[in-house]
Amino acid sequence: MEKVIAGATINVNEEGYLTDFSQWNKQIGTDLAQEADITMTPRHWEVIDYLQSEFKKEVPLSIRKIGKSGVVDIKEFYQLFPMAPLKTASKIAGIPKPVSCI
Amino acid sequence: MSDHNGDIKKMMIILSKATLENVYAAFVLANGARMEGIEAEMFFTFFGLEAIHKKKLEHLHIATVGNPAMHMPTMLGGLPGMEALATHMMKKEMERIDMPDVHEFLDILKASGVKLWACKLAMDMFHYTKEDLYDDVDGVITVGDFYKQGSGVGTHMLFI
């Protein structure tokens, strides 16, 4: 389905995840974060950058991997994105919903 | 009438067993709750205490006897070394799917905001002290205390 955000039209699935990463830009990320009650800071963006680079390398994401990333530890990850951090951060990053249980 | 929409707000998970498959089930459920934005607290009682006992948590085994899913005759499962062998094989598979070991899993649970409680009655029974336990255990409490922790709308309890 289509969604209008940050002055652009993007394609999202029924849960609100972008279906085409090439449509993503930082303003869209900022507005998606706002919808999740998150105000983006440079720390948030460092994490989003990491998630996007892993996505481009086709590495599946998990909480354990985040903890070993060297970018952010698990505790801070939960502080930055308090509700369902991996899902919320993936949505903001414009990448698919993570499927890991760990 | 409550205006609660039925969402799960908090999972209270009671672990009473120390077999690896049960410990992992409890850990995955607690971690999975946090990943969905659901609060989670764990209560370790009876043999479940071994999962947070410093000297024992690295040496948990899966059950080869009385476990039909092992697809091996019970007599065979009882042979010396069989549990260790099955555990070794399972741990190898777990590493492959990026499953952390018990100690690392506890670290992940704590960092994710899961509360870990030890059952006072079981602690007394096994003569354990708080010093025997994983450092970040939140406390040693009674069943009543644990129920109190779970009060509120949208709390679910699970016994493993």
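Every value quoted in this text rests on a predicted model; they were computed, and no experiment measured them.

Considerations on the overall build of chain B
Here's step 1: Counting its secondary structure elements, chain B contains six helices and five strands.
Here's step 2: Taken from the N to the C terminus, the helices and strands of chain B come in the order β-α-β-α-α-α-β-α-β-α-β.
Here's step 3: Its C-alpha atoms give chain B a radius of gyration of 17 Å, within 12% of the compact-globule value 15 Å for 160 residues.
Here's step 4: By principal-axis analysis of the C-alpha atoms, chain B measures approximately 55 × 35 × 25 Å.
Here's step 5: Taking all 160 residues of chain B together, the buried fraction comes to 31%.
Here's step 6: Long-range pairs, those at least 24 residues apart, make up 71% of the contacts in chain B between residues at least 6 apart in sequence.

Brief notes about the sheet that holds strand β5 (residues 155-159) of chain B
Residues and elements named next belong to chain B.
Here's step 1: Read from one edge to the other, the open sheet built from five strands follows the order β4-β3-β2-β1-β5, with strand pairing classed as parallel. For this open sheet the edge positions go to β4 (139-141) and β5, each flanked by a neighbour on one side alone. Taken over all neighbouring pairs, the strand axes of this sheet differ in orientation by 25° on average, direction set aside.
Here's step 2: Bridging between strand β2 (residues 39-44) and strand β3 (residues 115-119) involves four bridges; their strand directions are parallel. Across the sheet, residue F43 finds its bridge partner in β3, namely W117.

Description of helix α5 (residues 85-93) of chain A
Because each turn of an α-helix spans 3.6 residues, side chains separated by three or four positions in sequence point in the same direction.
Here's step 1: The buried count for α5(A) comes to eight of nine residues, which makes it a mostly enclosed element.
Here's step 2: All buried positions along α5(A) are accounted for by P85(A), L86(A), T88(A), A89(A), S90(A), K91(A), I92(A) and A93(A).
Here's step 3: Close packing links the buried residues of α5(A) with α1 (26-35), α2 (42-56), α3 (63-67) and α4 (74-80) of chain A together with α1 (20-35) of chain B.

Describing the confidence of the model for chain B
Here's step 1: For chain B, mean pLDDT is 91; residues scoring 70 or higher make up 99% of the total.
Here's step 2: ipTM for the predicted complex: 0.88, alongside a pTM of 0.90.

Some remarks on the interface of chain A and chain B
Here's step 1: On the side of chain B, 13 residues touch chain A, which itself brings 13 residues to the contact.
Here's step 2: Grouping the constituent residues of the side of chain A that touches chain B by class yields eight nonpolar, two polar and three charged.

With respect to the packing of α2(A) against α5(A)
When two helices pack together, you describe them by how their axes are tilted relative to each other and by the distance separating the axes.
Residue and element names in this part refer to chain A.
Here's step 1: The geometry of α2 relative to α5 is characterised by a closest axis approach of 9 Å and an angle of 80° between their N-to-C directions. Between α2 and α5, the angle falls in the class roughly perpendicular. Within the contact between the two elements, α2 uses V47, I48, L51 and Q52 and α5 uses A89, S90, I92 and A93.
Here's step 2: Tallied by class, residues from the contact of α2 with α5 come to six nonpolar, two polar and no charged.

Considerations on helix α4 (residues 102-111) of chain B
Here's step 1: Within the sequence span of α4(B), burial applies to V102(B), F105(B), L106(B), I108(B) and L109(B). Viewed end-on, α4(B) has its buried residues packed into an arc of 160°, placing them on one side of the element.
Here's step 2: Check the buried side of α4(B) and you find it contacts α3 and α4 of chain A together with α1 and β3 of chain B.

Parameters at a glance
- What you see as residue numbers is a count from 1 along each chain, following the sequence as written.
- For naming, the first written chain is A and the first written ligand is 1, with later ones following in the order written.
- Only residues with pLDDT of 70 or above have their local features reported here, since the model is predicted, and side-chain atom pairs are shown and tallied only from 80 upward, although totals for entire chains, interfaces and linings are computed over all residues.
- Numbering of helices and strands runs from the N terminus, with a helix taken as a DSSP run of H or I at least four residues long and a strand as a DSSP run of E at least two residues long.
- Two things to know: the radius of gyration comes from C-alpha atoms, and the globule rule equals 2.2 Å times the number of residues to the power 0.38.
- Counts of 20 or more other C-beta atoms within 10 Å of a residue's own C-beta define buried residues, counts of 12 or fewer define exposed ones, and intermediate counts define partly exposed ones; C-beta atoms are placed from the backbone.
- By definition, residue pairs are in contact when their C-beta atoms, positioned from the backbone, come within 7 Å.
- Only strands joined by at least two bridges in the DSSP assignment are considered to pair.
- Axis definition: a line fitted to C-alpha atoms, over the contacting stretch in the case of helices. Angles run 0 to 180 degrees between N-to-C directions.
- The quantity known as pLDDT measures the predictor's confidence residue by residue, on a range of 0 to 100.
- In this classification, Asp, Glu, Lys and Arg are treated as charged, Ala, Val, Leu, Ile, Met, Phe, Trp, Tyr, Cys and Pro as nonpolar, and every other residue, Gly included, as polar.
- Reported orientations rely on four angle classes, namely roughly parallel under 35 degrees, roughly antiparallel over 145, roughly perpendicular from 65 to 115, and oblique for the rest.
- Summarising the geometry, the arc corresponds to the directions from the helix axis toward the C-beta atoms.

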